[in-house]
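Close look at the chain arrangement
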Amino acid sequence: MATITAHGKPAGVSGPRPRPPARRQGRRKRRLQSNLTGYAFLFGAVVCFAVFSWYPMIRGVVMSFQRTRRGETTWVGWDNYERIVNDPSFWTAWKNTFYFTALALILGYAVPFLVAILLNEFRHAKGYLRILVYLPVMLPPASALFLFKYYAYDPSDAGLFNAILKFFHLPTSEWMQSTTMTMPAMVIASTWMNMGAAVLIYLAALQNIPGELYEAAEIDGAGIWRRIWNVTIPQTKLILSLMAMLQIVATMQLFIEPLILANGAGTQDSATSVAYLIYQHGFFQNDLNGAAALGVIMLVVLAGFSFVYVRLTAQQD
């Protein structure tokens, strides 16, 4: 006969009794029901990414190794890549894309940060100024670019920029008809059109900087430029590096600016970008496989930039 302890348990048995299976299943069912809404949203997001992002990406990689003629698809290996790389337009497009990215980093990356610093110094009408800066972002990109094309970049003296240059007795420009001014003109339009979002992000970062740091810098006799260099930039280094990476990725996908402002390729292919070359191969030359190969090359280049950014930021941390 088993010995019963003072606590009512058989001798030699210790620890809590195992829960009945029905109780465990009931708790698991209640946990599943409470998280059902979250799982539904997660499932919808996964389906959207799979259908509209992952599947086209995988399909593009597969198509880049194929050739489709009259409905028949054959595997051709690296032939599409060799054909694209040997096309003279390929190197022209990459040269123009890197040139646009470099100009955008000089102008389109620095100007929003300087505007954010300027707005942060205002004590009144901050909300009005933020709306004024963000207003171009709310315009459809095509409308904003047509505004620049027919109002600001008119090659005659009726154009806004030429009228300003003429007022200051400076030589006017043909803007989008010029091989040297095409890229700077597109950078100016793109900066005006997109800088509102970057300004708001920079403003949020600037307002998180403790005011004591600026007060200490002023006590040490630091001027405005020394305060920006020694306080503002170090305190916003993380967001600055992130925005630089996003700027590179966005500007290297240059497409709508040359399509509208320069009618595609521009004068002597001065506006041809890699993204526009993909569009040209796919929709004008009916070369979907070549367009897919060029898209994969761009994907690899952008992934390389992202990898370098992650490694650099990891080393800084």
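Computed from a prediction, not measured in an experiment: that's the story for all the values here.

Right, let's get into the side chain of Gln247. By secondary structure assignment, the location of Gln247 is in helix H12 (residues 237–251). Within the local environment of Gln247, its side chain forms a polar contact with the backbone oxygen of Ala104, the two atoms lying 3.2 Å apart. Other than its neighbours up to four places away in sequence, Gln247 contacts Ala104, Leu105, Gly108 and Tyr109.

Turning our eyes to something else, we now look at the environment of Ile297. With respect to the helices and strands, Ile297 occurs in helix H15 (residues 288–316). Dropping the residues within four chain positions of it, Ile297 is found in contact with Tyr81, Val85, Phe90 and Trp94.

Attention shifts here to the pairing of strand E2 (residues 72–75). Examined bridge by bridge, strand E1 (residues 66–69) and E2 share four bridges and lie antiparallel to one another. Opposite Arg69, over in E2, you have Glu72 as the bridge partner. Where E1 folds back onto E2 in an antiparallel hairpin, the turn is made up of two residues, including Arg70, whose phi is positive at roughly 55 degrees.

Moving on, we get to the confidence of the model for the protein. Averaged over every residue, the pLDDT of the protein is 84; the share at 70 or more is 91%. Averaged over each element, pLDDT in the protein is lowest for helix H1 (residues 21–34) (69) and highest for helix H3 (residues 79–85) (92).

Moving on to unusual backbone geometry. Comment: phi is negative for the bulk of residues other than glycine, and the bulk of peptide bonds are trans. Positive phi outside glycine occurs at Trp175, with the angle close to 55 degrees. Along the polypeptide, Trp175 turns up in the loop between helix H8 (160–167) and helix H9 (182–206).

The next subject is the packing of aromatic side chains. All told, the structure shown has 21 aromatic pairs when counted by the stated rule. Relative to Tyr202, the ring of Phe113 has its centre 5.2 Å away and its plane inclined at 80 degrees; by these criteria the two rings are edge-to-face. Residue Phe113 is located in helix H5 (residues 110–121), and its partner Tyr202 is located in helix H9; the two are separated by 89 residues in the primary sequence. The two residues Phe113 and Tyr202 agree in class, both being buried.

Moving on, we come to helix H6 (residues 126–138). Taking 1.5 Å per residue as the helical rise, H6 with its 13 residues ought to reach 18 Å, and the 18 Å between its terminal C-alpha atoms agrees with that figure. At Leu132, H6 shows its strongest bend, of approximately 30 degrees, with the proline Pro136 following within four residues. Among all positions of H6, only Leu129, Val133 and Pro136 are buried. The secondary structure elements touched by the buried residues of H6 are H5 and H9.

Conventions and cut-offs
Residues numbered from 1 in each chain as written. Predicted model: local features only at pLDDT ≥ 70, side-chain atom pairs only at ≥ 80, totals over all residues. Heavy atoms only, no water. Helix = DSSP H or I, 4+ residues; strand = E, 2+ residues; numbered from the N terminus. Polar contact = N/O pair within 3.5 Å; in protein donor to acceptor, adjacent residues only side chain to side chain. Contact = heavy atoms within 4.5 Å. Pairing = 2+ DSSP bridges. pLDDT = per-residue confidence, 0-100. Phe/Tyr/Trp six-rings, centres within 6.5 Å; stacked < 30°, edge-to-face > 60°. Buried < 20%, exposed > 50% of the residue type's maximum accessible area, 1.4 Å probe, protein only. Expected span 1.5 Å × (residues − 1). Bend = angle between axes of the 7 residues up to and from the residue.

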